[in-house]
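# Architecture and fold: a report
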Amino acid sequence: MGIGDVNTALMVDGVEVVAACDLYDGRLTRAKELWGADIFTTKDYREILERADVDAVINATTDHWHQKISLDAMDKGKHVYCEKPMVQRSVDGHDIIAKQKSTGLVFQVGSQYVSSIIHAKAKELLAAGEIGEINFAEAQIDRHSARGAWQYTVPLDASTDTVDWDTYISNAPKREWDPLRFFRWRNYQDYGTGVAGDLYVHMLSMLHFVTNSKGPERVQATGGLRYWKDGRDVPDIHLGLFDYPKTDAHPAFNLSLRTNLVSGGGNNFLFRIVGSEGDITIDFNGLKLRKTPFPKDPGMSLHSFPEAMQEALKAEHRKKYPQKAEMVGPNEFEFKVPSNYKGDRYEHFVNFFESIRNGKPVVEGAVFGLRASGPTEAGNISYFEKKIVGWDPIGMKLKNL
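Quick summary incoming for the structure in this document. (Residues numbered from 1 in each chain as written. Predicted model: local features only at pLDDT ≥ 70, side-chain atom pairs only at ≥ 80, totals over all residues. Heavy atoms only, no water.)

### Re the overall build of the protein
Helix and strand content of the protein: twelve helices and 15 strands. Taking the principal axes of the C-alpha coordinates as reference, the protein spans close to 90 × 45 × 40 Å. By residue count, 47% of the 401 residues in the protein fall in the buried class. Taking all contacts inside the protein whose residues are at least 6 apart in sequence as the whole, residues at least 24 apart take part in 67%. When the accessible surface of the protein is totalled, it reaches about 20000 Å², and 51% of it is carbon and sulfur. Counting 49 positive and 54 negative side-chain charges, the protein places the centres of these two groups 4 Å from one another. (Helix = DSSP H or I, 4+ residues; strand = E, 2+ residues; numbered from the N terminus. Buried < 20%, exposed > 50% of the residue type's maximum accessible area, 1.4 Å probe, protein only. Contact = heavy atoms within 4.5 Å. Areas by Shrake-Rupley, 256 points an atom, 1.4 Å probe, with all protein chains shown as cover. Lys, Arg positive; Asp, Glu negative; His and termini not counted. Charge placed at Lys NZ, Arg CZ, Asp CG, Glu CD.)

Pasting the structure below:
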């Protein structure tokens, strides 16, 4: 993600990369290949934070380093673009919130869908009442590939000579060198957050942006390790149920999330918001709005009544719902992004740099980031401890642990 983020950031006018940090030598070599032999490279991120020519940093490390590097960067006066999930543990997020507030620096979480014109349109349609009142939302992310299941390639020279393993695990449980725990870190609770932190944080960010929600209050999860038994300790099938309370922004509704990294039916993506009179389905290129309002005439169920009663009920029904011909409009609308759209990740970086340059409000600050990542931690706890876990969406804290 570091390479992808930097390449996207460089699409924004006036942005230059001057330094790169990684704990593996090969990625430092790759940085010079991509962005020029003159850029500064190091295995110690603190050396970058000391540079006067660095205004902002992209924090695209493993999850267990997000909080520490973000805090250190803001302490040194650097703006921060932090990949999702904002933090590995929700308790750590409050320090970032406080630091962003006290320094006044720009801190933006990297769930790029928040900057998407697709989701902005969904937000507009929902607010306009096009699908009635929301009552349910669902997301499915199915994958059927080794890379999709995080079996990333391990370089041939992986060793403690090329990787600073001691620094990597300095804020994690102490273990002997294991290249899989470094290069396939998403598979391990010590460094990542599993499916929940990798994928569900995106889904919650999308949903919270569209609905103006602050988050759920109760989370339940299940699943299992069905296929990718490669030493990982996180599930490859994960199901989550989230209960959202009624607020001033929306009625109470339920969210269902599903990820299957062993999907023999192939890759699949679904994100759908269901209301009382329609639904909105979002994909990577646009969205579809279906309108299905309740008919004014609810109809009758008469078959089990005597004929005389049926006729009497029909007469009463016709008085209450007189038959009247009405025009029927379209019930399905499709919205597509324009052919020249550069994508939500680009828009997210545009928003980040505009916040730095012009004081534009941050689109996904630390409070938003914690409200997206915290409930997914609750989902992980629910899965491993086999119980329902509470989440306080206002105070942003886990409950009834």
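### Quick notes on the sheet that holds strand β11 (residues 278–282)
In space, the ten strands of this open sheet follow the order β13-β12-β11-β10-β6-β9-β8-β7-β14-β15, with mixed pairing throughout. Each edge of the sheet is formed by a strand with only one pairing partner; in this case those strands are β13 (332–336) and β15 (397–399). Shown here is a sheet whose adjacent strand axes are inclined to one another by a mean of 20°, direction ignored. (Pairing = 2+ DSSP bridges. Axes fitted to C-alpha atoms, helices over the stretch in contact; angles between N-to-C directions.)

### A few points about the environment of Lys-387
Mapped onto the elements, Lys-387 comes out in the loop between α12 (366–385) and β14 (389–392). Its relative accessible area of 27% is what places Lys-387 among the partly exposed residues. Only 3.1 Å separates the side chain of Lys-387 from the side chain of Glu-385, close enough to count as a polar contact. (Polar contact = N/O pair within 3.5 Å; in protein donor to acceptor, adjacent residues only side chain to side chain.)

### Quick look at the packing of aromatic side chains
Going through the model one piece at a time under the given rule, you end up with 17 aromatic pairs. Relative to Trp-65, the ring of Tyr-45 lies with its centre 6.2 Å away and its plane at 65°, an arrangement referred to as edge-to-face. Here Trp-65 lies in the loop between β3 (56–59) and α4 (66–75) and Tyr-45 lies in helix α3 (residues 45–49), a separation of 20 residues in the sequence. Each member of the pair, Tyr-45 as well as Trp-65, is classed as buried. When the centroid spacing of 5.2 Å and the interplanar angle of 55° are considered together, the rings of Phe-352 and Phe-353 count as tilted. Here Phe-352 matches Phe-353 in class, with each residue buried. What links up through ring pairs into an aromatic cluster is the set Tyr-24, Trp-165, Tyr-168, Trp-177, Phe-182, Phe-183, Tyr-188 and Tyr-191. When the ring centre of Phe-209 is taken as origin, the NZ or CZ atom of Lys-123, which lies over that ring, is 4.6 Å away. (Phe/Tyr/Trp six-rings, centres within 6.5 Å; stacked < 30°, edge-to-face > 60°. Lys NZ or Arg CZ within 6 Å of the ring centre and 35° of its normal.)

### Comments concerning the sheet that holds strand β4 (residues 79–82)
Within the open sheet, the three strands sit side by side as β3-β4-β5. Their pairing is parallel. Of all the strands in the sheet, the pair left with one neighbour each is β3 and β5 (107–109). For this sheet the average axis-to-axis angle between neighbouring strands, irrespective of direction, equals 15°. Relative to β5, β4 runs parallel, the two sharing three bridges. Following the sheet pairing, Tyr-81 is matched in β5 by Gln-108. Of the strands in this sheet, β3, β4 and β5 are in contact with helix α11 (residues 344–358), which crosses β4 at around 165°.

### Here's the deal with a nonpolar patch on the surface
Residues Met-300, Phe-305, Met-309 and Leu-313 make up a contiguous nonpolar surface patch of about 330 Å² in total accessible area. If you trace the backbone, Phe-305 turns up in the loop between β12 (286–291) and α10 (307–320). Judged by relative accessible area, Phe-305 falls into the partly exposed class, the value being 37%. (Patch = residues over 30% accessible without salt bridge, like charges linked within 9 Å, V, L, I, M, F, W, Y side chains within 5 Å. Salt bridge = Lys/Arg side-chain N within 4 Å of Asp/Glu carboxyl O.)

### Here's the deal with the nonpolar core
Met-203, Leu-207, Leu-255, Leu-257, Phe-271 and Ile-280 are the most contacted members of the largest nonpolar core, which has 43 residues in total. Per-element tally for this core: the top contributor is helix α9 (residues 194–211), with eleven residues. Among residues more than four places away in sequence, those in contact with Leu-207 are Ala-137, Tyr-244, Phe-253, Leu-255, Phe-271 and Ile-273. Core analysis: the second largest hydrophobic core is formed by 24 residues, Trp-65, Leu-71, Ala-73 and Val-87 among them. (Core = buried A, V, L, I, M, F, W, Y, C linked by side-chain atoms within 4.5 Å.)

### Quick look at the pattern of salt bridges
A side chain of one charge can pair with a side chain of the opposite charge if their charged atoms are brought near each other. Counted under the stated rule, the structure contains 30 salt bridges. Among the ionic pairs, Arg-175 bridges to Asp-190, the shortest N-O distance being 2.7 Å. A residue pair is termed long-range when its members are at least 10 positions apart, and Arg-175 in the loop between α7 (165–168) and α8 (179–183) and Asp-190 in the loop between α8 and α9 qualify at 15 residues. Residue class for Asp-190 comes out buried when judged on its relative accessible area of 14%. Glu-385 is the salt-bridge partner of Lys-387, the closest N and O atoms lying 3.1 Å from each other.

### Here we look at the environment of His-208
Note that His-208 resides in helix α9. His-208 gets classed as buried once you look at its relative accessible area, which sits at 3%. Residues His-208 and Asp-164, 44 residues apart in the sequence, show an inter-C-alpha distance of 38 Å. In this structure His-208 touches Ser-213, Lys-214, Gly-215, Pro-216, Tyr-244, Phe-368, Arg-371 and Ala-372, once residues within four positions along its chain are discounted.

### Some remarks on α4
Of all ten residues in α4, eight are buried; the element is thus mostly enclosed. If you follow the buried residues of α4, they end up packed against α3, β3, β4, α5 (93–103) and β5. Once α4 finishes, Gly-77 follows within two positions and takes phi at roughly 80°, a positive value.

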